[in-house]
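# Observations on the model geometry
Chain residues, written in single-letter form:
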Amino acid sequence: MSETVPFGYQDIDPAEKAGRVGGIFSSVAAKYDIMNDAMSGGMHRLWKDRFVRRVKPRAGEDILDMAGGTGDIAFRMVKSGANVTVADINQDMLDVGIDRAVERGEDRLVWSCQDAESLKFPDRSFNAYTIAFGIRNVTHIDKALAEAHRVLRYGGRFYCLEFSSTQWPVFGEVYDAYSHHLMPRLGQMIAGDADSYRYLAESIRRFPKPPVFEQMIKDAGFTATKVELILGGAVAIHSGWKA
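Residues numbered from 1 in each chain as written. Predicted model: local features only at pLDDT ≥ 70, side-chain atom pairs only at ≥ 80, totals over all residues. Heavy atoms only, no water.

## Some details on the overall build of the protein chain
- Within the protein chain one finds nine helices and nine strands.
- Taken over C-alpha atoms, the radius of gyration comes to 17 Å for the protein chain, in line with the 18 Å a tight globule of 243 residues would show.
- In terms of overall dimensions, the protein chain has a C-alpha envelope of 45 × 45 × 35 Å along the principal axes.
- Burial statistics for the protein chain: of 243 residues in total, 56% are counted as buried.
- Partitioning the contacts of the protein chain with sequence separation of at least 6, the portion at a separation of at least 24 is 68%.
- When the accessible surface of the protein chain is split by element, carbon and sulfur atoms take 55% of a total near 11,000 Å².
- The average position of the 30 basic charges and that of the 32 acidic charges among the side chains of the protein chain differ by 6 Å. (Helix = DSSP H or I, 4+ residues; strand = E, 2+ residues; numbered from the N terminus. Rg over C-alpha atoms; globule rule 2.2 N^0.38 Å. Buried < 20%, exposed > 50% of the residue type's maximum accessible area, 1.4 Å probe, protein only. Contact = heavy atoms within 4.5 Å. Areas by Shrake-Rupley, 256 points an atom, 1.4 Å probe, with all protein chains shown as cover. Lys, Arg positive; Asp, Glu negative; His and termini not counted. Charge placed at Lys NZ, Arg CZ, Asp CG, Glu CD.)

Quick look at the structure:
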């Protein structure tokens, strides 16, 4: 039986996924940040602030922010004086981030079109690797984790912010109803694209549960792994170290 990978609730040929995900993010790039506010009631800002506090970026160190297209995480980290490279497989998302940087007068960031599964950076290039709400969209998560490990220096740290499934019973039911019914409607109203946000909701449900994903991080070679659950696991911060 040939290999398949999840694309929302569908199982598709791995060769198709990158193109289909790319089409989704090209479609929503211009409204991506507005939709984040609408979908989370602005809470995504608090989650990202918390995430960056865990990363603890420091002046002079080199950080790769993967799937960082519109710059939300990078703008927070560069304030520390760290050298931040924003990488994303989707140039449309990067273009939105570059435009935002120009508007802010922020010229310290490096922007790079990269595939998380086959990064063009040399071994041991970075002190930290961050990825926020992006790893569930890669075709082979294990390859992306292996690349994260490869480009980190010894003593480097890995941080991932990702949606998951909440363990709170009543909230979980409300969250399911919201993500499957209201999220696509918001996508249609604000971004003119219900299907892309239907995929995003489905992709969250197909993403490995926190203990499973933590084991994948360990299997990639990371040590001292940790999972911090938010809203009962609706959002999780995963971390590990390259020893």
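## So, helix α3 (residues 43–55)
- Between its first and last C-alpha atoms α3 spans 19 Å; for 13 residues at 1.5 Å apiece the expected length is 18 Å, and the two agree.
- Taken residue by residue, α3 has H44, W47, K48, F51, V52 and V55 as its buried positions. Looking straight down α3, one finds its buried side chains confined to an arc of 135°; they lie on one side.
- Once α3 finishes, K56 follows within two positions and takes phi at roughly 55°, a positive value. (Expected span 1.5 Å × (residues − 1). Arc of directions from axis to C-beta.)

## Remarks on the UniProt feature "binding site: S-adenosyl-L-methionine" (unreviewed entry) in the protein chain
- In the numbering used here, UniProt assigns the feature "binding site: S-adenosyl-L-methionine" (unreviewed entry) to T70, D88, D115 and A116.
- With respect to the secondary-structure elements, D115 resides in the loop between β5 (110–113) and β6 (126–132).
- Judged by its relative accessible area of 31%, D115 falls in the partly exposed class.
- When neighbours within four sequence positions are excluded, D115 is seen to be in contact with M66 and I89.
- A polar contact is formed between the side chain of D115 and the backbone nitrogen of E117, at a distance of 2.9 Å. (UniProt positions renumbered as here; feature names shortened; annotations may be inferred. Polar contact = N/O pair within 3.5 Å; in protein donor to acceptor, adjacent residues only side chain to side chain.)

## Some remarks on the environment of G8
- As for its position among the elements, G8 is in the loop between β1 (5–7) and β2 (10–12).
- C-alpha separation for the pair G8 and E228, spaced 220 residues apart in sequence, amounts to 25 Å.

## Considering the pairing of strand β4 (residues 83–88)
- Taken across its six residues, β4 has five buried, putting it largely inside the fold.
- Two strands pair when backbone bridges link them, and strand β3 (residues 62–66) and β4 are joined in this way by five bridges, in the parallel orientation. Each residue of the ladder has a partner; that of L64, found in β4, is T85.
- Between β3 and its parallel partner β4, the chain crosses via helix α4 (residues 72–77), and the hand of that crossover is right-handed.
- Across four bridges, β4 lies against β5 in parallel orientation. The partner of T85 across the bridge, within β5, is V110.
- This β-α-β element, β4 to helix α5 (residues 91–104) to β5, shows right-handed connectivity. (Pairing = 2+ DSSP bridges. Right-handed = clockwise from strand over helix to strand, strands pointing away.)

## As for a negative patch on the surface
- Residues D92, D95, D99 and E103 make up a contiguous surface patch of negative charge.
- Take D99: it is sitting in helix α5. (Patch = residues over 30% accessible without salt bridge, like charges linked within 9 Å, V, L, I, M, F, W, Y side chains within 5 Å. Salt bridge = Lys/Arg side-chain N within 4 Å of Asp/Glu carboxyl O.)

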